[in-house]
Amino acid sequence: MEVLVIGGAGYLGAVLCRTLLARGHRVRVLDALLYGPEPLEALLREPQFSLLAGDTRDPCALTGAFDGVSVAVHLGELVGDPACVANEPLAHQINGGGTRRVIAAARRAGVARLVFASSCSVYGGVAGGVVDEDSPPVPLSLQAKLKRAGERALLEAGAGPMEPVVLRLATLFGLSPRPRFDLLVNQLAARAALGQRVDLFGGAARQPFLHVRDAARAVAAVVEAPGRRVAARVFNVGHDAQLASAVELGDAIARVAPEVRRVPRDCAAGAEGARVSFARFQRAFGFLPRYDLEDGVSEIVAALRAGRIPDPTAPRFHNHDALADPAVQQRLRHGGPAFEAGAVAAG
């Protein structure tokens, strides 16, 4: 298939592109390249890959992006609540208006399926018990509220030939061609690699994690699935085996870097959040993660200690800090990509 990955130069997108190519698909990326084109440069030599520099706020960029596309995956939003809160008008433009434009453009182009990457954070205000895809979401953060609005817009627009699919992803971790060290596991693993103290907040409360390569496998499975299995459905994507507390995360770090000092720090007392059920996705796809927390910590520690990533504190590895760069802010104000559309060509 010809698959369009919007936001393919991002943390998950850069892994997903490689996963889809390895499975024999043709992959086209539309990305504003706010964090740079480097995560995809190695793919430009691939004959099955092409890259378009463009912003979802620009209707012209969307017009030709969907030509000949069978399935589109929308990852092209601002990610991380600090980045969204610090750039709230921009978050509404991209995660709100940009997502609605993506949906409209996909329908006009006759795309068979549009997969939207949402988040388990949409359940944020539900206290205790177990939540599944039929539980009413109670989003609290700005990013979660915008994700929920995007879900609604896609599902409401789905009447007709286009199959909408919503994936509520667990918290991602692990190494990607576009590294991120503003994600909890990756941040703590980086501190361990640098020999710094690791502060563990949250006590025994458990949250769901998912390795970025497992997330890419899950998205690819949805791209390839028959319509009857996925059309107009919402899936929580993760696995009970990846539920972990701060204590368990600390244990995983200690197995990789036993010399690092770990300091448990309980948060203020409060009701424990609900546990997310991943049963629907497991029933539909038999999904099992291949990578655990220790795998993610190990690969990050190894990469940093080998010098493959010189400085994990660099702004480009932290979405909030990267967006604060004056050059990026200038491009965002003018709605332009990192360089002119068409400057990056097919491999």
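Details of the structure are given in the entry above.
The shown structure was predicted, so the numbers you read here are calculated from the model rather than taken from an experiment.

Colleague: What is the right way to look at the overall build of the protein chain in this model?
Modeller: In terms of regular secondary structure, the protein chain is built from 14 helices and 14 strands. Since a compact globule built from 347 residues should have a radius of gyration of about 20 Å, the 19 Å found for the protein chain is in line with a globular shape. Along the first, second and third principal axes, the C-alpha atoms of the protein chain reach 55 × 45 × 40 Å. Burial status across the protein chain gives 55% buried among its 347 residues. The contacts in the protein chain between residues at least 6 apart in sequence include a share of 79% that link residues at least 24 apart. Accessible area for the protein chain stands at about 14,500 Å²; split by element, carbon and sulfur atoms hold 52% of it. A gap of 2 Å separates the mean positions of the 39 positive and 35 negative side-chain charges of the protein chain.

Colleague: It is not clear to me how the packing of aromatic side chains should be interpreted in this structure. Could you clarify?
Modeller: Two numbers describe a pair of aromatic rings. These are the distance of the centres and the angle of the planes. One pass over the full model with this rule turns up 6 aromatic pairs. Here F173 and F209 contribute two aromatic rings whose centre-to-centre distance is 6.5 Å and whose plane-to-plane angle is 80°, an arrangement assigned as edge-to-face. Of this pair, F173 sits in strand β8 (residues 171-173) while F209 sits in strand β10 (residues 206-211), placing them 36 residues apart in sequence. Per residue, the accessibility class of F173 equals that of F209, and both read buried. Centre to centre, the rings of F181 and F317 are 5.8 Å apart; their planes meet at 85°, and the pair counts as edge-to-face. Of the two residues, F181 sits in the loop between β8 and α7 (184-193) while F317 sits in the loop between α12 (293-305) and α13 (319-323), which places them 136 residues apart along the sequence. The buried category is assigned to F317, whose relative accessible area is 6%. Within the aromatic cluster, the residues linked to one another by ring pairs are F235, F281, F285 and F287. The ring of Y11 is capped by R180, whose NZ or CZ atom sits 5.9 Å from the centre of that ring.

Colleague: How should the pairing of strand β1 (residues 2-6) be read in this particular structure?
Modeller: Within a regular beta strand, the side chains point alternately toward one face of the sheet and then the other, so they alternate between its two faces. Most of β1 is tucked away: 5 of the 5 residues are buried. Residues of β1 alternate between two faces, with E2, L4 and I6 on one and V3 and V5 on the opposite face, all of them buried. Direction of pairing for β1 relative to strand β2 (residues 26-31): parallel, over a ladder of 5 bridges. Bridge assignment links V5 to a residue of β2, and that residue is V29. Crossover connection from β1 via helix α1 (residues 11-22) to parallel β2: handedness right-handed. Direction of pairing for β1 relative to strand β4 (residues 71-74): parallel, over a ladder of 4 bridges. Its bridge partner being in β4, V5 is matched across the sheet by V73.

Colleague: I'm lost on the side chain of H74 in this one. Help?
Modeller: Relative to the helices and strands, H74 is located in strand β4. Classification of H74 as buried rests on a relative accessible area of 2%. For H74, the residues in contact, after removing those within four places along its chain, are I6, T99, V102, L114, V115, F116 and A117.

Colleague: I'm lost on the sheet that holds strand β5 (residues 113-119) in this one. Help?
Modeller: Two strands in a sheet stick together by hydrogen bonds in their backbones, pointing the same way (parallel) or opposite ways (antiparallel). Here we have 7 strands laid out as an open sheet, ordered β3-β2-β1-β4-β5-β7-β11, and parallel in their pairing. Whereas interior strands pair on both sides, the edge strands pair on one side only; in this sheet they are β3 (49-53) and β11 (233-237). Looking at each pair of strands side by side, their axes are set apart by 20° on average, direction ignored. Docked against the sheet, helix α8 (residues 212-224) engages β1, β4, β5, β7 (163-169) and β11, running at close to 150° with respect to β5.

What counts, and at which threshold
Residues numbered from 1 in each chain as written. Predicted model: local features only at pLDDT ≥ 70, side-chain atom pairs only at ≥ 80, totals over all residues. Heavy atoms only, no water. Helix = DSSP H or I, 4+ residues; strand = E, 2+ residues; numbered from the N terminus. Rg over C-alpha atoms; globule rule 2.2 N^0.38 Å. Buried < 20%, exposed > 50% of the residue type's maximum accessible area, 1.4 Å probe, protein only. Contact = heavy atoms within 4.5 Å. Areas by Shrake-Rupley, 256 points an atom, 1.4 Å probe, with all protein chains shown as cover. Lys, Arg positive; Asp, Glu negative; His and termini not counted. Charge placed at Lys NZ, Arg CZ, Asp CG, Glu CD. Phe/Tyr/Trp six-rings, centres within 6.5 Å; stacked < 30°, edge-to-face > 60°. Lys NZ or Arg CZ within 6 Å of the ring centre and 35° of its normal. Pairing = 2+ DSSP bridges. Right-handed = clockwise from strand over helix to strand, strands pointing away. Axes fitted to C-alpha atoms, helices over the stretch in contact; angles between N-to-C directions.

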